[in-house]
Amino acid sequence: MLSKLQDFTNRFGLWTLGVIHFFGILVISWSNTDFWASFTPLNLLIATAFVFMVATKMRSLAVFFFISFFIGYLAELLGTQTGFPFGNYQYLQNLGPKIIEVPLLIGVNWFLMAYASRIWANRWLENHLAQALLASLLMVCVDFFIEPKSANLGFWQWENDIIPIENYFGWLGVSLLVQLLFPPSLQGESNAIAKWYLPMIFLFFLILNFTL
């Protein structure tokens, strides 16, 4: 059964995610935005499952999953309770069940963003610190296009609807911490799903900034 799932993912995983995101742009932009955005948790889980299905070093990837999940989740928990390091915001309804006002799946999002960004950084650079910094900057770049539509999509809302500049510095700092803990055993890993997830999600939110 597992081998069949892996074969499906290798053959059709990217196409499946591409169709999901293309369909998402259409229905979120020109249909019931709140309803369709509420499927975001399912999308995150499918993408994560596909990333693991094509992984050749699943144990090391699982280590990085827990690192990025817990650091990301704890940073969001700190942020919603204190305003540090991102600014004052609160989560809305479309990212699934919450624990202490923070959706559990936000940790999954941190993993996907961190791993997808690191795949590209590892292709372009060889030094670990340089890779970590570039991957962190890529994460901030994607977040820059997510933030303006976060409230429209029912993800989170900023105080007075103003995105503070410290949010991006906070993202850079937390992302860099996650990236510095990237397992050396994953350095040579080439994960096609994770690799193309980054430009896919970037284009998804870039287009929504014009259509929504």
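What comes next concerns the included structure. Not measured: the values here are computed from a predicted model.

### Considering the packing of aromatic side chains
Alright, step 1. Going through the model one piece at a time under the given rule, you end up with 30 aromatic pairs.
Alright, step 2. Ring geometry for Phe35 and Trp36: centres 5.0 Å apart, planes at 80 degrees, overall edge-to-face.
Alright, step 3. A centroid spacing of 6.0 Å and a plane angle of 35 degrees characterise the contact between Phe155 and Trp156, whose relative ring orientation is tilted. For the residue pair Phe155 and Trp156, the accessibility class agrees, reading buried in each case.
Alright, step 4. An aromatic cluster of three or more residues is present, and its members are Phe52, Phe64, Phe65, Phe66, Phe69, Phe70, Tyr73, Phe111, Tyr115 and Phe182.

### Looking at empty space enclosed by the protein
Over the atoms rolls a probe the size of a water molecule, and its path tells where empty space is left.
Alright, step 1. Scanning the model with the defined rule gives one cavity of 30 Å³ or more in all.
Alright, step 2. The space that makes up the largest cavity amounts to roughly 80 Å³.
Alright, step 3. Mapped by element, the contributors of at least two residues to the lining of the largest cavity are strand 1 (89-91), helix 5 (105-124), strand 4 (156-158) and helix 7 (166-180).
Alright, step 4. Of the residues belonging to the lining of the largest cavity, the class tally is eight nonpolar, one polar and two charged.

### Some words on a nonpolar patch on the surface
Alright, step 1. The grouping of Phe22, Leu26 and Trp30 at the surface amounts to a nonpolar patch, some 370 Å² of accessible area in total.
Alright, step 2. Position of Trp30 relative to the elements: it lies in helix 1 (residues 2-30).

### Observations concerning the nonpolar core
Alright, step 1. Formed by 62 residues in total, the largest nonpolar core has its most connected members in Phe111, Tyr115, Trp156 and Phe205.
Alright, step 2. Broken down by element, the residue count for this core peaks at 12 residues, all from helix 5.
Alright, step 3. If near-sequence neighbours (up to four positions away) are discounted, Phe111 is found in contact with Thr48, Val51, Phe52, Leu61, Phe64, Phe65 and Ser68.

### Considering the packing of helix 4 (residues 58-82) against helix 5
Alright, step 1. The N-to-C vectors of helix 4 and helix 5 enclose an angle of 125 degrees; their axes lie 7 Å apart at closest approach. Relative to helix 5, the element helix 4 is oriented oblique. Crossing geometry of helix 4 relative to helix 5 is assigned as right-handed. Residues Leu61, Phe64, Phe65, Ser68, Phe69, Gly72, Tyr73 and Glu76 of helix 4 pack against Ile106, Gly107, Val108, Trp110, Phe111, Ala114 and Tyr115 of helix 5.

### Section: unusual backbone geometry
A negative phi angle characterises most non-glycine residues, just as the trans form characterises most peptide bonds.
Alright, step 1. A cis amide bond, omega 10 degrees, links Phe84 with the succeeding residue Pro85.
Alright, step 2. Summarising the element assignment, Pro85 is placed in the loop between helix 4 and strand 1.
Alright, step 3. Not every positive phi belongs to a glycine, and Ile100 is a case in point at roughly 50 degrees.
Alright, step 4. Structurally, Ile100 is set in the loop between strand 2 (98-99) and strand 3 (102-103).
Alright, step 5. A residue is classified by how much of its surface remains accessible, and Ile100, at 53% relative accessible area, is exposed.
Alright, step 6. Backbone geometry places Asn160, a non-glycine residue, at a positive phi of 60 degrees.
Alright, step 7. Summarising the element assignment, Asn160 is placed in the loop between strand 4 and helix 7.

Analysis parameters
- Residues numbered from 1 in each chain as written.
- Predicted model: local features only at pLDDT ≥ 70, side-chain atom pairs only at ≥ 80, totals over all residues.
- Heavy atoms only, no water.
- Phe/Tyr/Trp six-rings, centres within 6.5 Å; stacked < 30°, edge-to-face > 60°.
- Buried < 20%, exposed > 50% of the residue type's maximum accessible area, 1.4 Å probe, protein only.
- 1 Å grid on protein atoms, 1.4 Å probe; cavity = no way out; pocket = protein on both sides within 12 Å on 5 of 7 lines; lining within 4 Å.
- Points joined across faces, edges and corners; volume = space filled by probe spheres on them.
- Helix = DSSP H or I, 4+ residues; strand = E, 2+ residues; numbered from the N terminus.
- Nonpolar A, V, L, I, M, F, W, Y, C, P; charged D, E, K, R; others polar.
- Patch = residues over 30% accessible without salt bridge, like charges linked within 9 Å, V, L, I, M, F, W, Y side chains within 5 Å.
- Areas by Shrake-Rupley, 256 points an atom, 1.4 Å probe, with all protein chains shown as cover.
- Salt bridge = Lys/Arg side-chain N within 4 Å of Asp/Glu carboxyl O.
- Core = buried A, V, L, I, M, F, W, Y, C linked by side-chain atoms within 4.5 Å.
- Contact = heavy atoms within 4.5 Å.
- Axes fitted to C-alpha atoms, helices over the stretch in contact; angles between N-to-C directions.
- Parallel < 35°, antiparallel > 145°, perpendicular 65-115°, else oblique.
- Left-handed = near helix turned anticlockwise from the far one by under 90°.

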